[in-house]
Number of protein chains: 2
Amino acid sequence: MAGKKVLIVYAHQEPKSLNGSLKTMTVEELKKQGCTVTVSNLYEMQFEPRATRKDIVGDLHNPDHFNYGVEAWKAYENGCLSEDLIEEQRKVKEADLFPLYWFSMPAILKGWMDKVLVQGFAHDFPKCYDSGLLKNKLALLSFTTGGDEEMYSERGPSGNIRYLLWPMQHGILHFCGFSVLSPQICFGPEYVTEEKRRQMLTSWVKRLQTIWEEKPINCVPEWYFGNI
Amino acid sequence: MAGKKVLIVYAHQEPKSLNGSLKTMTVEELKKQGCTVTVSNLYEMQFEPRATRKDIVGDLHNPDHFNYGVEAWKAYENGCLSEDLIEEQRKVKEADLFPLYWFSMPAILKGWMDKVLVQGFAHDFPKCYDSGLLKNKLALLSFTTGGDEEMYSERGPSGNIRYLLWPMQHGILHFCGFSVLSPQICFGPEYVTEEKRRQMLTSWVKRLQTIWEEKPINCVPEWYFGNI
């Protein structure tokens, strides 16, 4: 939708991968719609996923007992987070839709979440879940899997893929206030035909065309786990 | 139990934290039992959580299209993984019990899992889950939470904590063949009395004394999600 601002947090090493194509096509489609699109390409940026003392500029709140959560929170309040984190927070703040690309949530993306979505910026108890500080923003997870769809079905050996998404969709995104749209999942792209891979790309672009009308999923345990 | 080999993968920045005390007391208790204990102290080691081309020594299998999973697998088979990863795999191989310490699975620990538990070493489809390559080993997650126990109950805003553990206990550990023991959880240590914190430490040490007799939990969806 024209005027919308979208942040893509992209974590894949290979531009020629299916995830890379998804990213490129997303940027194209959203720009065509008149959206402003920003990409945080974590591997290209060599984003530092370790949460350490280096993320805080200047003196610590309690140098005798380093508590990352507390220090990052205080540093956020005092404008003392390191530049790279401030920059990412600015991008999040400006974005309306916030799709994530990962292959099984690699550490580099987990590091982005650990360090960008800190207390004071994204949540501040009891401001969490429906009253999280990033409410009124949409988030969407997009990823590929190693196994096929059968493996991630209710009776498959990995169980319903919905279970795997719970900690991220509810524990991280919903916790920060995001409304979460249905995930975009490409099952086992390594084992399908080129034609099927192309379909994966085109169906995603098709979905993007009406994505602004979608209703968020219901991030509560009853919806997630209730109907098995 | 005398003769057992235990690997502790420890991910916390502050030695004076409750997680730090848990780690120290675990080492003491297990040594008292006659176990051999190894600690991978990820922050101290400055473990690199980003999964990149640098993890593979020498030529790539397919330099035109970098697929980390495939490259790490081939490198494992050919002995071409980087030294730090080979060393961690050696520790895993030797261990019988494998407790993990984290605070909400920080990126540095996720990086350890991404890069140490690679195909060929930990799994090799269809050798996964009950036939995973690390079967006959025990694993145990130990961690502290920010919220209190109520928050992580069935009707609490975060849902049953069991749901959050599913991807790690089933999707990672069970996938590699580990038998998973009940997690050791210290709820909200920041908000309890010093006395209660001491109890958290002593009850863990008490548990350690009979830990070798414990039966693993049942990592299947029916057990995990069936009884709500």
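Described below are features of the structure shown in this document.

Rules used in this analysis
Counting starts from 1 at the beginning of each chain's written sequence and moves along it residue by residue. Ligands are numbered from 1 and chains lettered from A, in the order in which they are written. Restriction of local features to residues with pLDDT of at least 70 applies here, the model being predicted, together with a cutoff of 80 or more for giving and counting side-chain atom pairs; totals for whole chains, interfaces and linings are based on all residues. With hydrogens and water stripped out, all remaining heavy atoms of the structure feed into the side-chain values. By salt bridge we mean one thing: a side-chain nitrogen of Lys or Arg within 4 Å of a carboxyl oxygen of Asp or Glu. Helix numbers and strand numbers start at the N terminus; a helix is a DSSP run of H or I with at least 4 residues, a strand a run of E with at least 2. Classification of residues uses two cut-offs on accessible area relative to the type maximum, computed with a 1.4 Å probe and protein chains only: under 20% is buried, over 50% is exposed, and between them is partly exposed. What makes two residues a contact is simply this: any of their non-hydrogen atoms within 4.5 Å. Computed with a 1.4 Å rolling probe, the buried area is the accessible surface lost when two parts are put together, summed over both parts. Under this grouping Gly is polar, as are all residues other than the nonpolar Ala, Val, Leu, Ile, Met, Phe, Trp, Tyr, Cys and Pro and the charged Asp, Glu, Lys and Arg. The length a helix should cover is 1.5 Å for every residue beyond the first. As used here, the arc is the angular range of directions from the helix axis to the C-beta atoms.

Right, let's get into the pattern of salt bridges. The final tally for this structure, using the stated rule, is 21 salt bridges over all chains. With a shortest N-O distance of 2.8 Å, A:E88 and A:K91 are connected by a salt bridge. You can see A:E88 and its partner A:K91 sitting in helix α4 (residues 83-94), three residues apart, about one turn around the helix. In terms of burial, A:E88 and A:K91 fall into one category: buried. A salt bridge links B:K110 to B:D114; the shortest N-O distance between them is 2.5 Å. Taken together, the positions of B:K110 and B:D114, both in helix α5 (residues 107-116) and four residues apart, correspond to about one turn of that helix. On the basis of relative accessible area, B:K110 is assigned to the buried category, the value being 9%. According to the relative accessible area criterion, B:D114 is partly exposed, its value standing at 21%. Linked by salt bridges that have partners in common, A:E48, A:R50, B:E48 and B:R50 make up one network.

Now for the interface of chain B and chain A. Facing 46 residues of chain B, the contacting portion of chain A comprises 46 residues. Carbon and sulfur atoms supply 57% of the area buried between chain B and chain A, which totals about 3500 Å² over both sides. A:E48 is the salt-bridge partner of B:R50, the closest N and O atoms lying 3.8 Å from each other. Sorting the residues of the side of chain B that touches chain A by element identifies α3 (68-77), α5, α6 (161-174) and α8 (221-225) of chain B as the ones contributing at least two each. Residues belonging to the side of chain B that touches chain A are distributed by class as follows: 22 nonpolar, 13 polar and eleven charged.

A few words on helix α7 (residues 194-209) of chain B. Residues and elements named next belong to chain B. In a regular helix each residue adds 1.5 Å, so 16 residues correspond to 22 Å; α7 covers 23 Å between its end C-alpha atoms and thus fits that length. Among the residues making up α7, those that are buried are R197, M200, L201, W204, V205, R207 and L208. One side of α7 carries all its buried residues, which in axial view fall inside an arc of 160 degrees.

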